[in-house]
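Each chain, written out:
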Amino acid sequence: MGKVHERIDGRLRTFIEAQKIFFTATAPLSGDGTVNLSPKGLSGSFAVLDEHTVAYLDFAGSNAETVAHLRENGRITLMWCAFEGPPNIVRVHGRGEPVFRDDPRWEELLAHFPDIDGSAHGLRAIIVVTAELIRDTCGYGVPFMTYDEDRELHRSRFARETDESLDAYFRKKEYIAQSIDGLPGLPLPLPPLPAS
């Protein structure tokens, strides 16, 4: 029923890149810390960088749990489900790192997302994940669901923000600069987006 894969290629890569939504799971090292599970979407915001490395764009929101957990311990699991076609669930267990706007790797990584205007979504980091275990399972319990379109709400909400107003927005949120459990979250002030 399940299979471990050596790399992200062929049928596995095709499946991952075709999905319209995936999920990320992280947790702090503390045994009583808060586990975080987040849905990720927006067409064009995920990329396979090579056979063992993937990345996705981290946009403005009301918390930064994933960033905080990755800064503390790097552990992350990504999961994709087949909501159409043959049943399948793919998980990539690995080590993640938030790459912030002032990182020298920013421009090179951002080039993997040519269809995304980061300024329209309050782009705050690129999450890079190196796979340590890649596996798929049957997905028989996953229901059929159809994709209609991406929501425009995120773009319309954050497109009007400048770096300064976005920084002010983040400072008003309780769980941006630190996580629910008090771990360092998004570094503030938010570095400006590099000029394109």
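The structure displayed is predicted, hence computed values, not measured ones.

Before going further, it helps to spend a moment on the pairing of strand 5 (residues 53-58). Regular strands show a simple pattern: their side chains alternate between the two faces of the sheet. Burial within strand 5 is extensive, with six of its six residues counted as buried. In this structure, strand 4 (residues 46-50) lies alongside strand 5, joined through four bridges in antiparallel fashion. Paired with Ala47 across the two strands is Ala55, which belongs to strand 5. With antiparallel pairing between neighbouring strands as the criterion, strand 4 and strand 5 make up a hairpin whose turn holds two residues. Here strand 5 pairs with strand 8 (residues 125-137) via six bridges, running antiparallel. Among the inter-strand pairings, Thr53 is bridged to a residue of strand 8, identified as Thr130.

Generally, phi is negative for residues other than glycine and the peptide bonds are trans, each holding for most cases. Cis geometry marks the peptide bond from Leu188 to Pro189; its omega dihedral reads 5°. Looking at the secondary structure, you find Pro189 in the segment after helix 5 (163-172). You will see that Leu42, though not glycine, has its phi angle at about 70°, which is positive. With respect to the secondary-structure elements, Leu42 resides in the loop between strand 3 (36-40) and strand 4.

It is worth spelling out the environment of Ala64 at this point. On the secondary structure map, Ala64 appears in the loop between strand 5 and helix 2 (65-72). Its relative accessible area of 3% is what places Ala64 among the buried residues. Considered as a pair, Ala64 and Glu174 are 110 residues apart in the sequence and their alpha carbons are 9.8 Å apart. When neighbours within four sequence positions are excluded, Ala64 is seen to be in contact with Arg124, Tyr175, Ile176 and Leu186.

The next thing to look at is the pattern of salt bridges. Pairing between side chains of opposite charge can happen when their charged atoms approach one another. In total, this model carries eleven salt bridges according to the counting rule given. Its salt-bridge partner being Arg105, residue Glu97 comes within 2.8 Å of it at the nearest N-O pair. Among the residues examined, Arg105 registers a relative accessible area of 34% and is labelled partly exposed. The salt bridge involving Asp103 is made with Arg105; its shortest N-O contact spans 2.8 Å. Connected through salt bridges with shared partners, the residues Glu97, Asp103 and Arg105 form a single ionic network.

Cut-offs applied
- Residues numbered from 1 in each chain as written.
- Predicted model: local features only at pLDDT ≥ 70, side-chain atom pairs only at ≥ 80, totals over all residues.
- Heavy atoms only, no water.
- Buried < 20%, exposed > 50% of the residue type's maximum accessible area, 1.4 Å probe, protein only.
- Helix = DSSP H or I, 4+ residues; strand = E, 2+ residues; numbered from the N terminus.
- Pairing = 2+ DSSP bridges.
- Contact = heavy atoms within 4.5 Å.
- Salt bridge = Lys/Arg side-chain N within 4 Å of Asp/Glu carboxyl O.

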